Amino acid sequence: MTEVLTPTKSAIAKAAKIIQNGGLVAFPTETVYGLGASAFNPYAVAKIFKVKNRPNFDPIIVHIADFSELDLLVKACPPKAQKLIEKFWPGPLTVVLPKTSKIPEIVTAGLPSVAVRMPAHPVAHAIIKKARVPIAAPSANKFGYLSPTTAEHVKKQLNGKIDLIIDGGKCTWGIESTVVYFEDDNVTILRHGAIPKEEIEEVIGPVKTLKKTNRVLSPGTLPKHYAPKTPVIILTKKTKIDRTKKIGLLAFRPPTKINGFYKVEILSKNGDYIEAAANLFEALHRLDEGNLDLIYAQKVKEIGLGRAIMERLKKASYKEKS
């Protein structure tokens, strides 16, 4: 059984000690719960891959607690990256920049760049600061499955496989950070997340969005990800709902008709995108635990946080071509 502690000073100190000694700790961030190890310890990072059953070609985000730590991790920070960092750190923004030799190859999956962010959550910040080392931390779940937004989600998936879980309550944003890649003067959003594209463009001007590619440049860019065990189908006008099966509905706002659905989860009573994003993974967790045959998901407009919501629903419903 993995110990679960509330974030007292002694619990923070214990978590930091485990990180320093090469162990694994799950802790809350403002986005989702992360599974952390010392970013400078390749053996500890290897444990993350093993516990999550994560493919070794998928890089891991490194978390820092102080701006000065960025110099340990990246060779250069272009002006546009600096502007975004000044605007959104601490917060749910990840920047992908050329890495220094201090970062083990396993963290970046052999790539010449590293993904870095500074979380805003006080518990995450306290653990990183106390550990006195940048922390490599993907989401604290089995690879490809729904991201955890509560300590209970972590425990259900990783109990007995990691050293400690710090329970800091439900995550505020409920979806992962926005990942931005910098190459010369070109800026590309690799993963839509808690900071919408529009807010980024207000700071640095127009940016590109990652198109389909076989290259894995950052975490969260594989075509199938964030998926429950229950198959997900995104509703369109052409969708024929199979009412012979035990079906659930993931609704953006309260639906006018719910006949035939065994279980319904509503993301926002008022159609608020921030509320919907915060509730997305928790709602999918509940539907996935409902012993359903299928989950139907309503579309949302791909504006603001709607892009991040739809990106995750598309990955959750992705089917490999036979």
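Provided above is the structure to which this section pertains.
What counts and how
- Residues numbered from 1 in each chain as written.
- Predicted model: local features only at pLDDT ≥ 70, side-chain atom pairs only at ≥ 80, totals over all residues.
- Heavy atoms only, no water.
- Core = buried A, V, L, I, M, F, W, Y, C linked by side-chain atoms within 4.5 Å.
- Buried < 20%, exposed > 50% of the residue type's maximum accessible area, 1.4 Å probe, protein only.
- Contact = heavy atoms within 4.5 Å.
- Pairing = 2+ DSSP bridges.
- Helix = DSSP H or I, 4+ residues; strand = E, 2+ residues; numbered from the N terminus.
- Axes fitted to C-alpha atoms, helices over the stretch in contact; angles between N-to-C directions.
- Parallel < 35°, antiparallel > 145°, perpendicular 65-115°, else oblique.
- Left-handed = near helix turned anticlockwise from the far one by under 90°.
- Nonpolar A, V, L, I, M, F, W, Y, C, P; charged D, E, K, R; others polar.
- Phe/Tyr/Trp six-rings, centres within 6.5 Å; stacked < 30°, edge-to-face > 60°.
- Polar contact = N/O pair within 3.5 Å; in protein donor to acceptor, adjacent residues only side chain to side chain.

> Go over the nonpolar core, please, and point to the residues and values.
One recurring pattern in soluble globular proteins is that nonpolar side chains are buried together. By size, the foremost hydrophobic cluster in this structure holds 46 residues, and its most contacted members are Leu 35, Trp 89, Ile 162 and Ile 200. Those residues in contact with Trp 89 that lie beyond four places of it in its chain are Ile 64, Phe 67, Leu 70, Leu 84, Val 95, Val 116, Arg 117 and Met 118. By size, the runner-up hydrophobic cluster in this structure holds 28 residues, among which are Ala 276, Ala 283, Met 310 and Leu 313.

> Hey, could you go over the sheet that holds strand S5 (residues 93-98) for me, with residue numbers and the actual values?
The sheet built from 11 strands is open, its strands ordered S1-S8-S2-S3-S7-S4-S6-S5-S9-S10-S11 with mixed pairing. The open sheet has two edge strands, strand S1 (3-5) and strand S11 (208-209), and neither has a second partner. Bridging between strand S2 (residues 25-27) and strand S8 (residues 164-166) involves two bridges; their strand directions are parallel. Looking at S8, one finds that Ala 26 is bridged to Ile 165. Contacts between helix H1 (residues 9-20) and the sheet are confined to S1, S2, strand S3 (34-38), strand S7 (135-136) and S8, with S8 contributing the most and set at about 140° to the helix. Across the sheet, helix H2 (residues 42-52) touches S3 and S7, and the angle it forms with S3 is around 150°.

> Residues and numbers for the pairing of strand S6 (residues 113-117), please.
With respect to burial, S6 is a largely interior element, five of its five residues being buried. The sheet contact formed by strand S4 (residues 62-63) and S6 spans two bridges and is parallel. Within S6, the position partnered with His 63 by the bridge is Arg 117. Across four bridges, S5 lies against S6 in antiparallel orientation. In the sheet register, Leu 97 faces S6, and the bridge partner there is Val 114.

> Break down the packing of H1 against helix H6 (residues 122-131) for me, citing the residues and quoting the values.
Contact geometry for H1 and H6: axes closest at 8 Å, N-to-C directions at 55°. With respect to their mutual orientation, H1 and H6 come out oblique. Here H1 runs over H6; the crossing is right-handed. In this structure, H1 uses Ile 12, Ala 13, Ala 15, Ala 16, Ile 19 and Gln 20 to contact H6, whose residues at the interface are Val 123, Ala 126, Ile 127, Lys 130 and Ala 131. When grouped by side-chain class, the residues that make up the contact of H1 with H6 number nine nonpolar, one polar and one charged.

> Break down the packing of aromatic side chains for me, citing the residues and quoting the values.
Any pair of aromatic rings gets described here by the distance separating the centres and the angle formed by the planes. This model, assessed by the stated rule, comprises four aromatic pairs. Seen from their ring centres, Phe 67 and Trp 89 are 6.2 Å apart, and the 35° between their planes marks the pair as tilted. Of this pair, Phe 67 sits in the loop between S4 and helix H3 (70-73) while Trp 89 sits in the loop between helix H4 (79-88) and S5, and the two are 22 residues apart along the sequence. Ring plane angle 45° and centroid distance 5.8 Å describe the contact between Tyr 226 and Phe 281, whose orientation is recorded as tilted. Here Tyr 226, found in the loop between S11 and strand S12 (232-234), pairs with Phe 281, found in helix H9 (residues 273-288); they are 55 residues apart in sequence, far enough to count as distant.

> Provide a residue-level description of the sheet that holds strand S13 (residues 247-251), including the pertinent values.
In any sheet, the strands associate via hydrogen bonds between backbone groups, in a parallel or an antiparallel arrangement. Read across the sheet, four strands follow the order S12-S15-S13-S14 without closing on themselves; strand pairing throughout is parallel. The two strands at the open ends of the sheet, each matched to only one other strand, are S12 and strand S14 (263-266). Each strand axis lies, on average, 20° off the axis of its neighbour in the sheet, ignoring direction. Of the pairings in the sheet, the one linking S12 to strand S15 (residues 294-297) comprises three bridges and is parallel in character.

> Describe in detail the side chain of Ser 317, supporting the description with residues and values.
Looking at the element boundaries, Ser 317 is found in the segment after helix H10 (305-316). Accessibility expressed as a relative area gives 18% for Ser 317, which makes it buried. Only 3.0 Å separates the side chain of Ser 317 from the backbone oxygen of Leu 313, close enough to count as a polar contact. When residues no more than four places from it in sequence are discounted, the contact partners of Ser 317 are Val 232 and Ile 234.

Read these as spatial facts, not as claims about activity.
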